[in-house]
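Fold and geometry: a report
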Amino acid sequence: MINVLHILYLVIAGLLALVALVNIIRAKSLEKAINHAILFVPLLLRALLIK
Amino acid sequence: MNAKQTTRNVLVLLIALVLAFLAGQDFRDMQQPDKIYAENPALTRVAKLSEYNPNLKGTAGDTDIYVFDSGVPGGVALVYGGTHANETAAVMNAITYVENVSVTQGKLFVMPQANLSAFSATLPLRAQMGHMTFTLADGSVRTVRMGTRLANPVHQWPDPNYRLNSSGRVLEHGEIAEIRNLNRNHPGMEDGYLVEMVCYGIRKLVETENVDVLYDGHEASPEFRAVNFLIAHQRAMDLGSAAILNANLDAMMEGDMDGYPFKLDLSGATSWGLSHRALGDNTQAMATLFESLNPVMGFCHEKVTEALVKDGISPNYVHITDLGLLGSGELTDAGSPIELRAGYHMEMSRHLIGALGELNPEKTLTISGLPTFNDLVANGFEGILKPVK
Ligand SMILES: [Zn+2]
């Protein structure tokens, strides 16, 4: 049960990283792109079990 | 959206990926296992905690246990550090045992990195160090990992909003991260959160190997009321008193008439989940815990540098001491060096082991080979540690 939750959270982190990535590409301004990039880095590192 | 915007956004993405890669390198390095010297000829074998809880196999909680078995019946002790991976003196004490000890009667278990996962991360925004180094006589450098108080969230995540843990402690609100604190989740669960399973492994080790005395090494901030206290379960109070008495007699024999600043305290009845309470209540072992003084554990220390970690020199805390604001953990300009702190752990644990046989002759555990307190303080770890190939 606890393992399932752990994996589920990692999948969610991965999906959110993907959303942030799409948002970076579609950003209308530089500020927005950087905003999403700041979210993207930790989400990616968590989804990859690095941080 | 025009081509120019797309190019800009792709550039931002690339920069983010480069930053993620560079930061990721550091974090990944922290997940590599630490090198611990294991060529002590007295070492019987290196066991794994998963031998006592198979659910730990292949996980970040499967820490090494150094077994010194004399083959002669006698007492059994477990000496460990790294419950809190940033409380370095307790880790150095365990490493000193691993490198030097030999056992001629009874059996000794040493675990330098009890919460192994916690050695693979540092707390964010706390400017913590990741390691410290010692340059040995042969010019080689020993690096000793410093982690953090809690298991790495990469290994155990998410923290539940509510947990009634195996000790009866409720982890909620500000305490939810404590589910990753090894010293809040004893006696643990066979199949639970990673840290609970580590706790269960330690409990099973204590039960299966008939451990008589258990020593859990910690470090405390100057503000903490119990600096240099041995905290003992009620069944370990006689043992603790004898050990402190003997340690002081030893110091006096060596000319130090002040002896050691050791004090004894009874494990709190409501210290749920802490080793001295929960392992004392749930196993046959006499459970003890000792806290040495490390200014890095407090809130008023200077920038955490390798010098602060190793020398424990903190002008802020000297000032606070001079103002008379500390009930315990007073610091002078001499600081609280790692050799002194680890030396206290060594003397405390050594004398607990000695007192075991004194109080119960059939439980005699005879150890030798450890440096003396004066050796350690005079030569430093530079002169005590052995080169790792
Ligand atoms: Zn601690």
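All values derive from a computational prediction rather than experimental measurement.

Procedures and definitions
- Residues numbered from 1 in each chain as written.
- Chains lettered and ligands numbered in written order.
- Predicted model: local features only at pLDDT ≥ 70, side-chain atom pairs only at ≥ 80, totals over all residues.
- Heavy atoms only, no water.
- Helix = DSSP H or I, 4+ residues; strand = E, 2+ residues; numbered from the N terminus.
- Buried < 20%, exposed > 50% of the residue type's maximum accessible area, 1.4 Å probe, protein only.
- Lys, Arg positive; Asp, Glu negative; His and termini not counted.
- Salt bridge = Lys/Arg side-chain N within 4 Å of Asp/Glu carboxyl O.
- Contact = heavy atoms within 4.5 Å.
- Patch = residues over 30% accessible without salt bridge, like charges linked within 9 Å, V, L, I, M, F, W, Y side chains within 5 Å.
- Areas by Shrake-Rupley, 256 points an atom, 1.4 Å probe, with all protein chains shown as cover.
- Domains from an automatic or database assignment.
- Expected span 1.5 Å × (residues − 1).
- Polar contact = N/O pair within 3.5 Å; in protein donor to acceptor, adjacent residues only side chain to side chain.
- Pairing = 2+ DSSP bridges.
- Axes fitted to C-alpha atoms, helices over the stretch in contact; angles between N-to-C directions.
- Left-handed = near helix turned anticlockwise from the far one by under 90°.
- Core = buried A, V, L, I, M, F, W, Y, C linked by side-chain atoms within 4.5 Å.
- 1 Å grid on protein atoms, 1.4 Å probe; cavity = no way out; pocket = protein on both sides within 12 Å on 5 of 7 lines; lining within 4 Å.
- Points joined across faces, edges and corners; volume = space filled by probe spheres on them.
- Nonpolar A, V, L, I, M, F, W, Y, C, P; charged D, E, K, R; others polar.
- Right-handed = clockwise from strand over helix to strand, strands pointing away.
- Buried area = accessible area lost by both parts, 1.4 Å probe.

**A few points about the side chain of Glu-339 of chain B**
Residues and elements named next belong to chain B. Within the fold, Glu-339 resides in helix H8 (residues 338-359). Of the side chains bearing the opposite charge, Lys-310 lies closest to the buried Glu-339, which forms no salt bridge; the N-O distance is 7.0 Å. If we ignore the near neighbours within four places in the chain, the residues touching Glu-339 are Phe-134, Leu-376, Val-377, Gly-380, Phe-381 and Glu-382.

**Considering a nonpolar patch on the surface**
On the surface, Val-10, Leu-11, Leu-14, Ile-15, Leu-17, Val-18, Leu-19, Phe-21 and Leu-22 of chain B cluster together into a nonpolar patch covering about 840 Å² of accessible area. Position of Leu-17 of chain B relative to the elements: it lies in helix H1 (residues 3-30).

**Some details on the domain arrangement of chain B**
Split into domains, chain B comes out as domain 1 (1-30) and domain 2 (34-383). Relative to domain 2 of chain B, the C-alpha centre of domain 1 of chain B lies at a distance of 41 Å.

**Observations concerning H1 of chain B**
The periodicity of an α-helix, 3.6 residues per turn, causes residues three or four places apart in sequence to face the same way. Counted at 1.5 Å a residue, the expected span for H1 of chain B with its 28 residues is 40 Å, and the 41 Å between its end C-alpha atoms agrees. Every buried residue of H1 of chain B is accounted for by Gln-5, Asn-9, Val-12, Leu-13, Ala-16, Ala-20, Gly-24 and Met-30 of chain B. Close packing links the buried residues of H1 of chain B with helix H1 (2-26) and helix H2 (30-47) of chain A together with strand S7 (141-145) of chain B. Where H1 of chain B starts, the residue carrying a side-chain oxygen 3.1 Å from the main-chain nitrogen of Lys-4 of chain B turns out to be Asn-2 of chain B.

**So, the sheet that holds strand S2 (residues 64-69) of chain B**
Two modes of strand pairing occur in sheets, parallel and antiparallel, and in both the strands are linked by backbone hydrogen bonds. Residues and elements named next belong to chain B. Spatial strand order, S1-S2-S5-S3-S10-S13-S11-S12: 8 strands in an open sheet with mixed pairing. The open sheet has two free edges, formed respectively by strand S1 (45-48) and strand S12 (263-266), since each of these has just one partner strand. Going across the sheet, the axis of each strand differs from the next one's by a mean of 25°, ignoring polarity. As judged from the 8 bridges shared by strand S10 (residues 213-220) and strand S13 (residues 286-293), these two strands associate in the parallel manner. Paired with His-218 across the bridge in S13 is Glu-291. Sheet contacts for helix H4 (residues 237-253): S10, strand S11 (229-232), S12 and S13; angle to S12, the most-contacted strand, approximately 175°. Its contacts with the sheet place H8 against strand S3 (76-80), strand S5 (107-111), S10, S11 and S13, and it is angled at close to 160° to S10.

**Describing the packing of H4 of chain B against H8 of chain B**
Residues and elements named next belong to chain B. Put simply, H4 and H8 touch, their axes get as near as 8 Å, and they point 115° apart. Judged by the twist between their axes, the crossing of H4 over H8 is right-handed. For the pair formed by H4 and H8, the contact residues are Asp-238, Leu-239, Gly-240, Ala-242, Ala-243, Ile-244, Asn-246, Ala-247 and Asp-250 on the first element and Met-348, His-351, Leu-352, Ala-355, Leu-356, Glu-358 and Leu-359 on the second.

**Concerning the nonpolar core**
All names here are of chain B. Counting 62 residues, the largest nonpolar core has Met-92, Tyr-97, Leu-108, Phe-134, Met-348, Ile-367 and Phe-381 as its most contacted members. In terms of residues, this core owes the most to one element, H8, which gives 9 residues. Once you skip the residues sitting within four places of it in the chain, Phe-381 turns out to touch Met-92, Thr-96, Phe-134, Leu-136, Ile-338, Glu-339, Ala-342 and Leu-376. Ranked by size, the runner-up nonpolar core spans 27 residues in total, among them Tyr-52, Phe-109, Leu-194 and Val-206.

**What about empty space enclosed by the protein?**
Residues and elements named next belong to chain B. Counting across every chain of the model gives 2 cavities of 30 Å³ or more. There is about 40 Å³ of room inside the largest cavity. Around the largest cavity, the lining residues are Asn-86, Gln-128, Met-129, Met-146, Gly-147, Val-296 and Val-304. When the residues that make up the lining of the largest cavity are grouped by side-chain class, the tally is 4 nonpolar, 3 polar and no charged.

**Points about the pairing of S11 of chain B**
Residues and elements named next belong to chain B. Here S11 shows a buried face lined by Phe-229 and Ile-231 and a second buried face lined by Leu-230 and Ala-232. Pairing of S11 with S12 involves 4 bridges; the strand directions are parallel. Opposite Phe-229, over in S12, you have Lys-263 as the bridge partner. In the classification by handedness, the crossover that spans S11, the intervening H4 and the parallel S12 is right-handed. Looking at chain direction, S11 and S13 are connected through 3 bridges and run antiparallel. When the bridges of S13 are listed, Leu-230 appears paired with Phe-290.

**Digging into the interface of chain A and chain B**
Residue-level contacts link 25 residues of chain A with 25 residues of chain B. Interface area, chain A with chain B, both sides summed: about 2300 Å², of which 74% is carbon and sulfur. When the area that chain A buries against chain B is broken down by residue, the three leading residues are Ile-2, Ile-50 and Lys-51 of chain A, summing to 26%. Where chain A meets chain B, there are 8 residue pairs in polar contact (both at pLDDT 80 or more). Of the residues forming the side of chain A that touches chain B, the biggest block, 10 residues, is contributed by H1 of chain A.

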